[in-house]
Amino acid sequence: MGRKKERDEAHVFLAEGEKCVSELMGKFSLVLRADATNATPLELEQMSQLRAPQGVIAVFRQPEEEQVSLAQLASSELVLALDGVQDPGNLGTIIRTADWFGVHHIFCSRETADCWSPKVVQATMGALARVHVHYVDLPAELSTPNFPFSIFHFPFPIYGTLLDGRNIYEKAALPDKQHGVIIMGNEGNGISAELRSLITHPLFIPPYPLGAETSESLNVSIATAVILAEFRRP
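Residues numbered from 1 in each chain as written. Predicted model: local features only at pLDDT ≥ 70, side-chain atom pairs only at ≥ 80, totals over all residues. Heavy atoms only, no water.

A. Here's a closer look at the sheet that holds strand 6 (residues 132–135). Ordered by their spatial adjacency, six strands build an open sheet running 6-5-4-8-7-9, and the pairing between neighbours is parallel. Both edges of this open sheet fall to strand 6 and strand 9 (201–204), since each of them pairs with a single strand only. Each adjacent strand pair in this sheet contributes to an overall mean axis angle of 35 degrees, direction not counted. In terms of strand pairing, strand 7 (residues 158–167) meets strand 8 (residues 180–185) through three bridges, oriented parallel. Paired with I158 across the bridge in strand 8 is V181. Lying on the sheet, helix 5 (residues 88–100) is in contact with strand 4 (78–83), strand 5 (105–108) and strand 6; it crosses strand 4 at an angle near 175 degrees. Set on the sheet, helix 9 (residues 220–231) makes contact with strand 4, strand 7, strand 8 and strand 9; between it and strand 8 the angle comes to about 160 degrees. (Pairing = 2+ DSSP bridges. Helix = DSSP H or I, 4+ residues; strand = E, 2+ residues; numbered from the N terminus. Axes fitted to C-alpha atoms, helices over the stretch in contact; angles between N-to-C directions. Contact = heavy atoms within 4.5 Å.)

B. Spotlight on the sheet that holds strand 1 (residues 12–16). Strand order in the open sheet formed by three strands is 1-3-2, with antiparallel pairing between adjacent strands. The open sheet is flanked by strand 1 and strand 2 (30–34), the only strands paired with a single partner. Averaged over all pairs of adjacent strands, the angle between their axes in this sheet comes to 15 degrees, without regard to strand direction. Across five bridges, the pairing between strand 1 and strand 3 (residues 57–61) is antiparallel. Bridged to F13 within strand 3 is F60.

C. Quick look at the packing of helix 5 against helix 9. Across the interface, helix 5 lies against helix 9 with an axial gap of 8 Å and an inter-helix angle of 15 degrees. Overall, the two elements helix 5 and helix 9 adopt an arrangement that is roughly parallel. Between helix 5 and helix 9 lies a crossing whose hand is right-handed. Mapping the contact onto sequence places N90, T93, I94, T97 and A98 in helix 5 and V220, S221, T224, A225 and L228 in helix 9. When its residues are assigned to classes, the contact of helix 5 with helix 9 shows five nonpolar, five polar and no charged. (Parallel < 35°, antiparallel > 145°, perpendicular 65-115°, else oblique. Left-handed = near helix turned anticlockwise from the far one by under 90°. Nonpolar A, V, L, I, M, F, W, Y, C, P; charged D, E, K, R; others polar.)

D. Looking closely at the nonpolar core. If you look at the biggest cluster of nonpolar residues, it comprises 44 residues, and the most contacted ones within it are L24, L80, I95, I106 and I182. Counting residues per element, this core draws most heavily on helix 9, at five residues. Excluding its chain neighbours within four sequence positions, the residues that come into contact with I182 are L78, V79, L80, A81, Y159, I227, L228 and F231. By size, the runner-up hydrophobic cluster in this structure holds 18 residues, among which are V79, L138, I158 and L162. (Core = buried A, V, L, I, M, F, W, Y, C linked by side-chain atoms within 4.5 Å. Buried < 20%, exposed > 50% of the residue type's maximum accessible area, 1.4 Å probe, protein only.)

E. Quick peek at the packing of aromatic side chains. Within the structure shown, the criterion is met by six aromatic pairs. Centre to centre, the rings of F13 and F60 are 5.6 Å apart; their planes meet at 25 degrees, and the pair counts as stacked. Of this pair, F13 sits in strand 1 while F60 sits in strand 3; the two residues are 47 residues apart in sequence, bridging distant segments of the chain. By relative accessible area, F13 is classed as buried at 0%. Ring plane angle 85 degrees and centroid distance 5.9 Å describe the contact between F28 and W116, whose orientation is recorded as edge-to-face. (Phe/Tyr/Trp six-rings, centres within 6.5 Å; stacked < 30°, edge-to-face > 60°.)

F. Expanded view of the pattern of salt bridges. Tallied over the full model, the rule gives nine salt bridges. In this structure, R233 and E230 form a salt bridge, with 3.0 Å as the shortest nitrogen-oxygen distance. Overall, R233 belongs to the partly exposed group, its relative accessible area being 46%. Accessibility expressed as a relative area gives 9% for E230, which makes it buried. (Salt bridge = Lys/Arg side-chain N within 4 Å of Asp/Glu carboxyl O.)

Have a look at this one:
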């Protein structure tokens with residue numbers, strides 16, 4: 001189950017650990033569960049994808065792909081868009097963070113890591129039970145011809161983190177916290193030029209103190225948490 005091709009062909013995914021498995025039970029169709037009642041410690045170790053096996057392993061069926069409209073969702077709620085986030089740990093943490101902050105849909109570019117890989121599933125700690133992940137052509141989904149808008153009013157804001165964006169702590173930076181799209185970019189290259197051109201509200205997370213010499217950038221999963229926390233601030 002460690003290889004995407006095998007997962008896709010069998011249409012399944014692997015989860016490990018009592019906490020993660022119990023969160024997913026009832027949300028996904030169970031194919032197999034192995035624990036101390038039906039497997040030896042050696043068998044569990046051989047099946048595990050972790051360096052330190054947690055004693056419970058389950059195989060679930062992947063859900064059928066949902067046909068949902070990013071435009072319709074973003075018109076009424078806050079959604080995330082991930083542009084080429086490739087590290088499984090980052091993706092898993094972002095899904096878990098989205099779950100915490102009540103973001104129920106994440107739209108990923110085709111280049112983004114597979115949400116059903118064991119490392120991602122493990123990092124979500126069961127958040128996949130509540131957060132729906134969709135793989136789409138992001139530029140096509142966010143191109144204005146797909147949306148019911150007038151030349152005067154775009155249907156919802158498209159936020160994105162850029163070095164030349166507006167300080168997120170300025171009141172005017174987030175004109176509408178209840179709906180819209182937040183784009184987070186690739187770990188090394190940020191948001192692609194094609195998607196950058198579609199951003200209506202560029203955002204910047206300032207270092208402290210402003211202008212201080214500091215790290216070049218924030219980890220994308222940490223940046224996502226900071227951004228979502230600010231959106232959910234009363």
